[in-house]
Protein chains: 4
Amino acid sequence: MSWLEKSIMRQRGVAQGRQAVTHELTEAKQGNYHYTIGPYSQPVLSVKPGDRIIVETRDAFEGKVKTEQDLPSKVLTMPFVNPQNGPIMIEGAEPGDVVAVYIESIAPRGPNPRGTCAMIPEFGALSATMFTSLLTQPLPEIVRKIDVDEKGVYWSKRVTLPYKPHIGTLSCSPLLDSINTLTPDTHGGNMDLPDMGPGSITYLPVCTDGARVFIGDAHACQGDGEVCGTAVEFQSTTTIQVDLIKNWAITWPRLETEHMIMAIGSARPLEDATRIAYKDLVLWMEAEFGFDRWDAYMMLSQCGKVRLGNFVDPKYTVGAGILKTYLKD
Amino acid sequence: MSWLEKSIMRQRGVAQGRQAVTHELTEAKQGNYHYTIGPYSQPVLSVKPGDRIIVETRDAFEGKVKTEQDLPSKVLTMPFVNPQNGPIMIEGAEPGDVVAVYIESIAPRGPNPRGTCAMIPEFGALSATMFTSLLTQPLPEIVRKIDVDEKGVYWSKRVTLPYKPHIGTLSCSPLLDSINTLTPDTHGGNMDLPDMGPGSITYLPVCTDGARVFIGDAHACQGDGEVCGTAVEFQSTTTIQVDLIKNWAITWPRLETEHMIMAIGSARPLEDATRIAYKDLVLWMEAEFGFDRWDAYMMLSQCGKVRLGNFVDPKYTVGAGILKTYLKD
Amino acid sequence: MSWLEKSIMRQRGVAQGRQAVTHELTEAKQGNYHYTIGPYSQPVLSVKPGDRIIVETRDAFEGKVKTEQDLPSKVLTMPFVNPQNGPIMIEGAEPGDVVAVYIESIAPRGPNPRGTCAMIPEFGALSATMFTSLLTQPLPEIVRKIDVDEKGVYWSKRVTLPYKPHIGTLSCSPLLDSINTLTPDTHGGNMDLPDMGPGSITYLPVCTDGARVFIGDAHACQGDGEVCGTAVEFQSTTTIQVDLIKNWAITWPRLETEHMIMAIGSARPLEDATRIAYKDLVLWMEAEFGFDRWDAYMMLSQCGKVRLGNFVDPKYTVGAGILKTYLKD
Amino acid sequence: MSWLEKSIMRQRGVAQGRQAVTHELTEAKQGNYHYTIGPYSQPVLSVKPGDRIIVETRDAFEGKVKTEQDLPSKVLTMPFVNPQNGPIMIEGAEPGDVVAVYIESIAPRGPNPRGTCAMIPEFGALSATMFTSLLTQPLPEIVRKIDVDEKGVYWSKRVTLPYKPHIGTLSCSPLLDSINTLTPDTHGGNMDLPDMGPGSITYLPVCTDGARVFIGDAHACQGDGEVCGTAVEFQSTTTIQVDLIKNWAITWPRLETEHMIMAIGSARPLEDATRIAYKDLVLWMEAEFGFDRWDAYMMLSQCGKVRLGNFVDPKYTVGAGILKTYLKD
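In this text the structure is predicted, and so the values were computed from the model without any measurement.

Side note on the overall build of chain A
Next up, step 1: The helix and strand inventory of chain A stands at six helices and 20 strands.
Next up, step 2: Computed over its C-alpha atoms, the radius of gyration of chain A comes to 19 Å, within 12% of the 20 Å expected for a compact globule of 329 residues.
Next up, step 3: By the burial criterion, 67% of the 329 residues in chain A qualify as buried.
Next up, step 4: Taking the intrachain contacts of chain A between residues at least 6 apart in sequence as the baseline, contacts between residues at least 24 apart amount to 79%.
Next up, step 5: Between the averaged position of the 31 positive side-chain charges in chain A and that of its 39 negative side-chain charges there is a distance of 3 Å.

Below, the structure written as structure tokens:
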């Protein structure tokens, strides 16, 4: 039995044994992409738990940065960035449930160079920004176009990076708020977490009937923290399978892979994001893996793993994880 | 000539000399109050620049905390708190303009005790919270009902505080986002700034046609920082006059009183809110009061005034001000 | 009876009625000034509780910035800045006691222009710094020399600011650490709090036998937050009276004026400094003014006053105060 | 040629080819351990670049927590914790140089159970603390004694963790300050970085003649962030080799292993520690590995690795690293 069959999604999801239907959410079917995650947009697709969806995501620049001369400050208009597919309605989803999103694969799409990385004025962790608001001059604005295929990210003559794609933005809709696609929070959003790649399952709390899943912002690879503000942004064909877990009251997103479970927090300052993630992991170990609360807390002090997703978005994202091997009875 | 006639609102607003119409926005006329600030709700009123509006605001608990036994965790359902009047459409307002809101008066409304203060679990600056997320036990949940009239806030047998009301939440709608009423940001929102009382003018950037003004959350008085998380919350009759300044490109809210101008920033951590406010004040002094940028910066280091609005909301709010006397040529 | 006679210092200090001796701590007597606050330096003076000391402080630049052409990066050598007088030994002081420092007067000293303000590379709240470490270019380095007398601070042709002096750095020695004079902490240090002027009493926890008091860093005036990183720095003749309160276990500095008591916290991020100050004020009101803890907390949410000392030093300083009028039985 | 021979230490250190002498710094020879890192303590050893030193470190509790009944609040007296060996004088070291410390091995010392982990009141990332100062009740105080050998850390019946030791605290003395052993900063200090184990080389900036190296605080294993505030603290026999690199002007500590180089920052809030580390890594890649500054910045956004050392100490520590494979020409 593969790890996937033993995953929380498969053990607790309602899809159990149902024969999956595969849907295609092409650019044409999507039509208008979305720049906020909320309850006010028109659904593009309705699926059953267990269904597969092949999604054509656009890159975070909407494909407008075609050459290294297309400066973001010229070709982009805020807040029309990081376009999202969706909302996808999950049949039977209600507030209090959890949607599970298993990422089967992420493939590059369209002609090369597919990847785009940019230094954008007043954006990025080593720049003054709209929030860390200083009187300094902006850093230079620079665009890099990068060839990408499933074997590598051809960064420069000198360096080829491994192709390790992930989804930067994955969400269920909040109940009332409509949140721009740059911000991560309890609903998921722009977490930019490298672990959210093929072979991972993300668990998102449901706040509205039908859940209203949004997805987008594929990265061909990304370092911890996404320090300059952008990854190797590219348009992708991303295949996911969704499932529904009834009555699992979680507040923040969680993630599962073959070897690890991870709790995810998004906040500023960065220590608060880390606190959220670690606290949620402690309570998860207590509630579902038979640990005493303080034993879990002290043990994570010895074996917890922290992943910095981003420290450039309006909220920063941190995952706190533990190897499954330490969760066994 | 009163200071008001020399204010930025009067000097640059389009209302110049127009005979004001007074509108009433009663509870009945408002009907449904709003829990998010955004472009998706139905306008309740349309006014011309220069018009006065008498607004019946509800308290942040929607009147549900009637006695000291009505614990917030029992009678409230998140996110249905801090209800807002509006949206009020301002004729002629377009993105790139500024709406000016002059607060003429704030009077208590309804039967005594009108004021409510509460310690709410996992809320407040000296408590662990949803974001500063710890494994500690919550503080006790306590409600205080307080008599309030226009002469005083009768806190306890021992202490009577002055009646110094202000508006906690004042906003124009964002372009796409719909933001919960607990959060302050560039659109205004839940700033909880004690300076925003009768005799103040708040300037808000317009992001949508008609501006879509929201107002609510009156406080009978409030200390700097609103440390326990709530002020003396009360329902009010608040009289405002609105005006429109065309083509004034500001990013964050600003405020003017008889003696001071103030720039307002909202962010976490608190130093970032303060940076936003001070930077905006420096640039304002440079752009409109004839100061050299570095002279303004260095001079504020000698005479700038900081007001901590709140450090309990999802973003913290700080005002940075300077006396008008130092702005004279 | 003046407020001073009713102050905590006079009510609880050991000096009661003792005839004060006045000491002079001139530049010559001081000899070497100090760049760290700690237990390893040689005392320059020993005084009894109740004694007055007339201290000749040097400015934070050690007098090396004589003209507007003397750029700090040229004439200063880190960490040899912010020189301190002391250590002054207080007879009878032991760990667990509190030293009270009443500031009687601060007078300018030396030839005009006495005041110096500077923008120093990688320093100041709207600059990248050593800690908020960015890839931006530094702001320009600028020096301002300012005439100062006891009637005014003659900032520019356009602006004269009031002479409102205070002491930027005031400390008792830590037990083991020796802390640079730029950093505030539990020992006092570089708090840059405008309230610490003539007519104020500062209470500092004693950690070593004799207390080892250090003082320096007079400012002719300063805005909230000291935003550009420096105040109007000047050399002064500062007259203080010291007293000793036995067995008053405080952790952080506190301050008293005619109208107010204030608790002082220093930390990063800024919300932590504010938390420290407000928590200490709550516990102080509970321990010594007969308030229930939660009543104090909720009441400060209505009438607490926050002063931002600095948000430019290695730790930021905040004072949280309450008017004495609200402390009466 | 092993990686070590190609390391920066071996390539640029002055020891080149010199026959190493091995020194023993036993508990007896150390005598008094130190609780601050500074220039005021008496050297215990003087060595030449290239020499090996076998150091008997004590655990962070000084061995006082012998059983699970020995509560830290009972048996410890602040600030007498985290005792350090040293200062060790490095012959020829001058300000502007760098000391390299290669960790050869860390072996457990003394009778089992050797490891101690504790939840200490008002300490730890998911507790209110002295700085994140709240009105909540402390978490329970709990001590765990853990058997440790070189094959494993026997955490509980259920869980055995791998033995992956590292040194928590490693420093050169500051020029004037004497810094408590709980705080990391530019001098090194209490970084609690799991990468600082056998097979790593740490580079520390020299601020005083002779460098004055301090070492202590061995951990049998530690999770990212040391979330409860303590690792598996144990007394060790740690063997190091030191070398000296002349005229290498670095500001913050750096680290090298077989596969990676890492820059290390310590600050609050946590994003500032991360900024320091990433900025230093960018500048290092530019200065010594032939990268254009912006290419390095953008490339780290794709392949940078972040390690959270601790987010519990007075300053938090982050390492930002890059695989050596990407540094090749």
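Examining helix α6 (residues 293-303) of chain A
An α-helical segment advances 3.6 residues per turn. Residues three or four places apart therefore align on the same side.
Next up, step 1: Burial of α6(A) is extensive: ten of the eleven residues sit out of reach of the surface.
Next up, step 2: Buried residues belonging to α6(A) abut α5 (270-288), β19 (305-310) and β20 (316-323) of chain A together with β7 (115-119) and β8 (142-149) of chain D.
Next up, step 3: Where α6(A) begins, the capping side chain belongs to A:D292, and its oxygen is found 2.9 Å from the backbone nitrogen of A:W294.

Quick word on the packing of aromatic side chains
Next up, step 1: In the structure shown here, the tally under the stated rule is 38 aromatic pairs over all chains.
Next up, step 2: Every member of this aromatic cluster is reached through a ring pair, and the members are A:Y203, A:W248, A:W284 and A:F289.
Next up, step 3: Over the ring of D:Y33 we find D:R58, and its NZ or CZ is 5.5 Å from the ring centre.
Next up, step 4: Lying over the aromatic face of D:W155, D:R144 brings its terminal NZ or CZ to 4.4 Å of the ring centre.

Here's the deal with the relation of the copies chain A and chain B
Next up, step 1: In screw terms, the move from chain A to chain B is a rotation of 180° and a rise of 0.0 Å along the axis, fitting with an RMSD of 0.0 Å. Given the turn and translation reported, the copies of this chain are related as if by a two-fold rotation axis. Identified as the residue of chain A closest to the rotation axis by C-alpha distance is A:S178, at 2.3 Å.
Next up, step 2: Both copies share a contact surface, since 100% of the interface residues of chain A are interface residues in chain B too.

So, how was this worked out
- Along each chain, residues carry numbers from 1 onward, in the same order as the chain's sequence is written.
- Labels are handed out in written order, letters beginning with A for the chains and numbers beginning with 1 for the ligands.
- Only residues with pLDDT of 70 or above have their local features reported here, since the model is predicted, and side-chain atom pairs are shown and tallied only from 80 upward, although totals for entire chains, interfaces and linings are computed over all residues.
- To obtain the side-chain values, all non-hydrogen atoms of the structure were used and water was disregarded.
- The way it works is that DSSP assigns letters per residue, a run of H or I at least four long becomes a helix, a run of E at least two long becomes a strand, and they are numbered from the N terminus.
- Both definitions apply: the radius of gyration is a C-alpha atom measure, and the globule rule equals 2.2 Å times residues to the power 0.38.
- Only protein chains enter the calculation, and the probe is 1.4 Å; a residue is then buried if its accessible area is under 20% of its type maximum, exposed if over 50%, and partly exposed in between.
- The contact definition used throughout considers only heavy atoms, calling two residues in contact when any of these lie within 4.5 Å.
- Neither His nor the chain termini are counted; the positive set is Lys and Arg, and the negative set is Asp and Glu.
- A single reference atom marks each charge: NZ on Lys, CZ on Arg, CG on Asp, CD on Glu.
- A 3.5 Å cut-off defines polar contacts: any pair of N or O atoms within that distance qualifies, except that in protein one atom must be a possible hydrogen donor and the other a possible acceptor, and neighbouring residues in sequence count only when both atoms are side-chain atoms.
- In this scheme Phe, Tyr and Trp rings, the latter by its six-membered ring, pair at centre separations within 6.5 Å, and the angle between planes marks the pair as stacked below 30 degrees, edge-to-face above 60, and tilted otherwise.
- Lysine NZ or arginine CZ positioned within 6 Å of the ring centre and within 35 degrees of the ring normal marks a charge as sitting over the ring.
- Copies overlap after least-squares fitting; the atoms used are the C-alpha atoms of residues with pLDDT of at least 70 in both.

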